[in-house]
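Residue-level listing of the chains:
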Amino acid sequence: MTNVITSNPTIRDIEELLYDEAAFLDKADLDGWIELYTDDGTYWMPVLPDQEDPVNHISLFYDDRVLMEIRRRNLKHPRAASKDYPIRCSHIISNIRVTEQVDEITTVESNFHCLVYYNDRQTTYGGTYRHELVRSDSGLKIRHKRVDLINCDAALNTIIIYL
Amino acid sequence: MSYSTEQIADMVKPTFLHRKIYTDPAIFELEMERIWGGSWIFIGHESQVPNAGDYITLNYGHLPVVMVRDKQLNIHVLHNRCGHKGAKIVDKRDGHVNAFRCCYHGWTYALDGTLAGVPNMKGYEGTGFDRSDPRYNMQKLARYDSYRGFVFASMNPRAPDLKEWMGGAATVMDNLCDRSPEGEVEVAGGVLRYEHECNWKLFLENLNDTMHPMIVHKSVVDAANDYIATLPEDSARRDEAEIIPPFGASYEVFESTGITGFRYGHHYDGGETSIHADYSVDPDYERAMLAAYGADRTREILTYNTHNTLYYPSLTIKSAIQNIRVVRPIAVDKTIIETWSFRLKGAPDSLLQRTLLYSRLINANGSMVGPDDLTAYFRVQQGLASTGNDWIEMHRNFGQDEDQGDRLVNGGTSDLDMRTQYAAWKAYMTNDTPLANQEAQAS
Ligand code: FES
Ligand SMILES: [Fe+2]
């Protein structure tokens, strides 16, 4: 890796990436979304508030690149009954704070509210994001995202797309 | 509206069902009373309450109950209701208490539900109130019992013994437990709760519906195969690649798995083979099994391969995967499905991890399989509001169910599963003593 900018990302750099991600998800565009993740990137939505383990405990989502790639293709498949309905989202992200800067990894926590309109019903999701960001040749990328819904352990309906 | 026994009986024909059994709240209330009140209902697993004072709460049908272990380590299933003015006694999903204490006026109860203390007894003197009258206890459910750690309860004092009720379908629960080198399983890895906007029976009817996967799950199977095709030959083996593609198996493959139906509405698909049959076996697990059981018995256990097994109406298990789904009806058009996973005692962690991966890929709210199933149930629920046709049909392989004495067997794409469920439905719903007289049920 040459010509890598070694200075830590500014809050403005971080906001830009988080807002880009939100914009792709607002349009349910997983082709654009997946490009924001590193090849070893993961997306995790635990089912417990302080869940420590994605592998020895059940989760609502725990995707690596393989599942992201499958999900991206599945979303566009013409014969997926659950995707017969438009998916429209609106993400608001706020309270963005850098909570840790270790070597190349910047850990960022934020609050989010997300409205999802799907199958004739509008659902409100809310909680916190934790992003682990790294520099790459093509700019700042997401290496890990954890989504903690405040009602993660409730009986939820289908969550049709990443939040 | 209220229904006469004859009107209810008329809703289930040999090859047709009336749409109102899915849409009418009055039928739902009768089902809660006669099917959920008459049958054995899955409560929980003994491993969820390992110590004296441990409890879990849940809804039996829509009644609040608590499963608790007492000081002698016996398990009780009690109505979660105070003997005084009726408050729910415990309201956490699980916890530990030395004794139960009502939050309202402080009545206390022993762990078997017996009333232990009433504050300020003075005002009761000479009123006829007798503290030792069992009517003031937290009431026990009429029956409760367990099979290999799985606790069931019944409101029906005349219910047959649990083992008799399970009949030949108990083999599948045996297989789930025998897959542990120690012959025991324990709940592990948490629970998923998934709200379904449909009648509870639509979920059950899908369990052995093998005419749907190649249609409903085509998108995820195509997506997985598409992506797998882009990977280099020597890529690391992924469990996902073993779990997802079999959902796209052909009609012929599913027909060959077979369906077996029992009295009381139980049934399973598979046995000799299923869509779980070709999973790789962790060599450490195989070694542990061989050491525990020897070669012949190990092969017997691991090649017994069912897909979904229903213990009608509340529990469905996957023995080859060690997960279960529990049906909790809320209203005529609303049901909560819980997915629980099990650790095989004495097996490596990879087995639990595969179970959890399976649940996440197939059953989770965020998965690419369950939401497509749920869309189909939801569409049926909506479609059945139509008065254009009052009947749904279930003819597949009708007249060809093979009677093997304690069970009926037919091809995997047959509607034997539905005929089995609705024979039980009709018996429970129309018979005053549904469990005492089920002779006609399996035929
Ligand atoms: S309602 Fe429980 S003590 Fe009064
Ligand atoms: Fe399905």
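A quick note: this is a predicted structure, and the numbers were derived from the prediction, not measured.

Draft legend 1. A look at the coordination of the iron ion (ligand 2). Residues and elements named next belong to chain B. In this structure, His212 (NE2), His217 (NE2), Asp373 (OD) and Asp373 (OD) serve as the protein donors to the iron ion (ligand 2), at separations of 2.0 to 2.6 Å. Coordination of the iron ion (ligand 2) draws on donor residues from a single chain, spaced H-x4-H-x155-D in sequence. Of this pair, His217 sits in the loop between helix H7 (213-216) and helix H8 (218-229) while Asp373 sits in helix H14 (residues 370-383), and the two are 156 residues apart along the sequence. Classification of His217 by relative accessible area gives buried; the value is 1%.

Draft legend 2. Quick look at the interface of chain B and chain A. Opposite the 40 residues of chain B that make contact, chain A presents 35 residues. Here chain B and chain A share an interface that buries about 3,300 Å² over both sides, 55% of which is from carbon and sulfur atoms. The largest contributions to the chain B side of the interface with chain A come from B:Tyr227, B:Arg360 and B:Met368, which together make up 21% of the buried area. The tally of links from chain B across to chain A stands at four salt bridges. A salt bridge links A:Asp84 to B:Arg379, with the shortest nitrogen-to-oxygen separation between them at 2.8 Å. Across the contact surface, chain B and chain A share 22 residue pairs in polar contact (both at pLDDT 80 or more). Among the secondary structure elements, those contributing two or more residues to the side of chain B that touches chain A are strand E12 (185-196), H8, helix H13 (349-363) and H14 of chain B.

Draft legend 3. Spatial organisation of the sheet that holds strand E17 (residues 323-331) of chain B. Residue and element names in this part refer to chain B. Ordered in space as E12-E18-E17-E16-E15-E14-E13-E21-E20, the nine strands form an open sheet in which the pairing is antiparallel. The open sheet has two edge strands with one neighbour each: E12 and strand E20 (402-403). For E20 and strand E21 (residues 408-410), the ladder comprises two bridges, and the chain directions are antiparallel. When the sheet's bridge partners are listed, Asp403 is paired in E21 with Leu408.

Draft legend 4. Geometry of the pattern of salt bridges. Counting across every chain of the model gives 38 salt bridges over all chains. The shortest N-O distance in the salt bridge between A:Glu69 and A:Arg65 comes to 3.6 Å. Here A:Glu69 pairs with A:Arg65, and both are found in helix H3 (residues 65-76), just four residues apart, close to one helical turn. Residue A:Glu69 is classed as buried on the basis of its relative accessible area, which comes to 9%. By relative accessible area, which is 15% here, A:Arg65 ends up buried. For B:Arg237, the salt bridge identified is with B:Glu242, shortest N-O distance 3.0 Å. Residue B:Glu242 is classed as buried on the basis of its relative accessible area, which comes to 17%.

Draft legend 5. Just the sheet that holds strand E3 (residues 87-102) of chain A, in detail. Residues and elements named next belong to chain A. One open sheet holds the six strands; their spatial order is E2-E1-E6-E5-E4-E3, and the pairing between them is mixed. On the outer flanks of this sheet lie strand E2 (59-63) and E3, each paired with one strand and no other. The average undirected angle you get between the axes of adjacent strands in this sheet is 20°. In the sheet, strand E4 (residues 105-118) pairs with strand E5 (residues 121-136) via 13 bridges, with the strands oriented antiparallel. Counterpart to Val108 in the pairing with E5 is His131. Along the sheet, helix H1 (residues 11-26) contacts strand E1 (37-46), E3, E4, E5 and strand E6 (139-149); its crossing angle with E3, the most-contacted strand, is approximately 155°. Of the strands in this sheet, E1, E2 and E3 touch H3, which is tilted by about 80° from E1.

Draft legend 6. Region of interest: H1(A). All names here are of chain A. Compared with the 22 Å implied by 1.5 Å per residue over 16 residues, the 22 Å span of H1 between its first and last C-alpha is a close match. Inspection of H1 places Ile14, Leu17, Leu18, Glu21, Ala22 and Leu25 among the buried residues, and these make up the whole buried set. Across the axial projection of H1, the buried residues extend over an arc of 135°, all falling on one side. Contacts made by the buried residues of H1 are with helix H2 (30-34), E1, E3, E4, E5 and E6. One or two positions beyond H1, positive phi appears at Ala28, with a value near 55°.

Draft legend 7. Molecular detail of the domain arrangement of chain B. All names here are of chain B. Splitting chain B by domain gives domain 1 (41-147) and domain 2 (168-442). Computed from C-alpha coordinates alone, the two centres of domain 1 and domain 2 are separated by 34 Å. Both sides together, the interface formed by domain 1 and domain 2 hides about 1,200 Å², and carbon and sulfur atoms give 60% of it. On the domain 1 side of the contact with domain 2, Phe42, His45 and Tyr147 bury the most area, a combined 47% of that side's loss.

Draft legend 8. Here's a closer look at the nonpolar core. Among the nonpolar cores identified, the biggest contains 83 residues, and B:Phe150 and B:Trp425 are the most heavily contacted of them. The greatest single-element share of this core, amounting to six residues, is contributed by helix H15 (residues 416-430) of chain B. A domain-level breakdown of this core finds at least three residues from each of domain 1 (41-147) and domain 2 (168-442) of chain B. When sequence neighbours within four positions are dropped, the list of residues in contact with B:Phe150 reads B:Phe42, B:Gly44, B:His45, B:Asp145, B:Met173, B:Leu176, B:Cys177, B:Val185, B:Ile324 and B:Phe342. With 49 residues, the next largest nonpolar core counts A:Tyr85, A:Leu149, A:Cys152 and A:Ile161 among its residues.

Rules used in this analysis
- Residues numbered from 1 in each chain as written.
- Chains lettered and ligands numbered in written order.
- Predicted model: local features only at pLDDT ≥ 70, side-chain atom pairs only at ≥ 80, totals over all residues.
- Heavy atoms only, no water.
- Donors = N, O, S within 2.8 Å, 3.2 Å for Na, K, Ca; no water.
- Helix = DSSP H or I, 4+ residues; strand = E, 2+ residues; numbered from the N terminus.
- Buried < 20%, exposed > 50% of the residue type's maximum accessible area, 1.4 Å probe, protein only.
- Contact = heavy atoms within 4.5 Å.
- Buried area = accessible area lost by both parts, 1.4 Å probe.
- Salt bridge = Lys/Arg side-chain N within 4 Å of Asp/Glu carboxyl O.
- Polar contact = N/O pair within 3.5 Å; in protein donor to acceptor, adjacent residues only side chain to side chain.
- Pairing = 2+ DSSP bridges.
- Axes fitted to C-alpha atoms, helices over the stretch in contact; angles between N-to-C directions.
- Expected span 1.5 Å × (residues − 1).
- Arc of directions from axis to C-beta.
- Domains from an automatic or database assignment.
- Core = buried A, V, L, I, M, F, W, Y, C linked by side-chain atoms within 4.5 Å.

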